[in-house]
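Chain and residue survey
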Amino acid sequence: MQINIGILLLVGSLACSSCESDAPEVDMPPSAPTVTADLYWPPNAAMDWVSVDPQDLAWDTDKLVELEQFLASRGTRAFIMLYKGKIVAESYWGQNAAETAPFGQASLWYWASAGKSLTAVLTGLAQEEGLLNIDDPTHLYLGRGWTDLDQEQESVITIRHQLTMTTGFEFEVDDLNCTLPECLRYRAEAGQQWYYHNAPYTLLEDVLVAAAGTDYSTFTKTRLGDKIGMEGLWIPNGSNNLFWSTARDAARFGLLMLNEGKWDNQVVIGDEAYFDEMINSSQSLNPSYGYLWWLNGKSSLRVPGLATALPIEATPSAPDDMFSAIGKNGQFVDIVPSLDLVVVRFGDASDESLVPITFHEDMWERLGQVF
């Protein structure tokens, strides 16, 4: 990944200033997430964040040290673990993205594809405002000819297909990030194929910008960030658009999701039906995928880069109810309602896969020993 250092320095100053069908024939979770009544909420306009000693939770602190040593050896820059909203573990390693100072609480890092899950939330907020409907054809927002398909084929593709990776585009192409019409060719009818295709996701940003009439970073800030004290912004990187924030900002996002879209007593995500759909199996082709969220505990998994399903769950060592925002090089925002946990890991990794499934499992194998 090529990073523009000049942009990073600008971002740093910001941180300092502050194949069957569409029918949802799916695996359901063993039980609905439990919303905890006694969650702690960090203040929006301060660095204050209450912590809790892991010894007070009867956690194995020796295993926690081993976990952090493992993470440090795998290129981790930031690791945060929240229990009921309070910080149980928080560590930083290495240099910031611009390699100008040690990585710390105020350092920004890219979410990579973990930003997809953020986009899923923003899409739900846009629908809640009446700016769009996820069953709308995408061409209503991007115009005719946004693909290389004929008009009838293109008209079938909806925002829901973009959220669920089921647009049906040809995936045997030179560049899965390319959003030009000539790169978006027909392979299967929308809803009949699941494949981790980045370009249709990237174009969701254009859909939201067209629907809201504002730029993407502003939409993110006004609809979500300002309400939960999360700062950050979207920065173009080639054909992609990456969200950058601190690890604590990502932890705030995870805490919002842990409480089912409510921040303290404020409802941020009011569409309960959309929220439920977003973090449950969105289609039968890959039950481990919601609306741009990865789901644990399901009967099968389609790994990015493969067109076939594997009879495994995403992260065997983690609780079945975990749902995750996951990005390349090991960007993780894990939410575990049954344990009242949020886990954030940012950094580099030796695993260069689009979604680092193996590294995630290795991390959770060690996390389980801590509890």
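Residues numbered from 1 in each chain as written. Predicted model: local features only at pLDDT ≥ 70, side-chain atom pairs only at ≥ 80, totals over all residues. Heavy atoms only, no water.

1. Quick word on the sheet that holds strand E5 (residues 240–245)
Which entries qualify depends on this criterion: Pairing between strands requires that DSSP locate at least two bridges from one strand to the other. Helical segments are the DSSP runs of H or I of at least four residues, strand segments are the runs of E of at least two, and each set is numbered from the N terminus.
In space, the 3 strands of this open sheet follow the order E3-E5-E4, with antiparallel pairing throughout. With one partner strand each, in any of the chains shown, strand E3 (109–110) and strand E4 (233–237) form the two edges of the open sheet. Pairing of E4 with E5, which is carried by 5 bridges, proceeds in the antiparallel orientation. In the strand pairing of E5, Leu233 is matched with Trp244.

2. Here's the deal with the pattern of salt bridges
To keep things clear, this is the line we draw: Between Lys or Arg on one side and Asp or Glu on the other, a salt bridge is scored when a side-chain nitrogen of the former is within 4 Å of a carboxyl oxygen of the latter. Relative accessibility under 20% of the residue-type maximum defines a buried residue, over 50% an exposed one, and the middle range a partly exposed one, all with a 1.4 Å probe and only protein chains included.
The full count for this structure, using the stated rule, is 10 salt bridges. Two residues, Lys221 and Asp226, come together in a salt bridge whose shortest N-O distance is 2.9 Å. With relative accessibility at 42%, the residue Asp226 sits in the partly exposed group. Sharing partners across several salt bridges, the network here consists of Arg77, Glu99 and Asp348.

3. Quick word on the side chain of Lys116
Where we set the bar: Asp and Glu count as negative and Lys and Arg as positive, but His and the ends of the chain are not part of the count. For the purposes of these results, a polar contact is taken to be a pair of N or O atoms within 3.5 Å, where, inside protein, one atom must be able to donate a hydrogen and its partner to accept one; residues adjacent in sequence count only when each atom of the pair is a side-chain atom. What makes two residues a contact is simply this: any of their non-hydrogen atoms within 4.5 Å.
Along the chain, Lys116 falls in helix H3 (residues 115–128). For the buried Lys116, no salt bridge is present, and the opposite-charge side chain at shortest range is Glu205, 11 Å distant. At a separation of 3.3 Å, a polar atom in the side chain of Lys116 contacts the side chain of Tyr196. Beyond its immediate stretch of four places on either side in the chain, Lys116 contacts Met165, Tyr196, Asn198, Tyr201, Tyr289 and Leu292.

4. Some thoughts on the packing of H3 against helix H8 (residues 216–228)
Heads up, the rule is: Helix axes use the C-alpha atoms of the stretch in contact, all axes being lines fitted to C-alpha atoms, and the angles between their N-to-C directions lie in the range 0 to 180 degrees. Oblique is the label for every angle not falling under 35 degrees (roughly parallel), over 145 degrees (roughly antiparallel), or within 65 to 115 degrees (roughly perpendicular). Here the nonpolar group is Ala, Val, Leu, Ile, Met, Phe, Trp, Tyr, Cys and Pro; Asp, Glu, Lys and Arg are the charged ones; every other residue, Gly included, is treated as polar.
Running from amino to carboxyl end, H3 crosses H8 at an angle of 70°, the nearest separation of the two axes being 11 Å. In terms of orientation, H3 lies roughly perpendicular with respect to H8. Together, Leu118, Thr119, Val121, Leu122, Leu125 and Ala126 of H3 and Tyr216, Phe219, Thr220, Arg223 and Leu224 of H8 make up the contact between the two elements. Each residue belonging to the contact of H3 with H8 can be placed in one class, and the counts come to 8 nonpolar, 2 polar and 1 charged.

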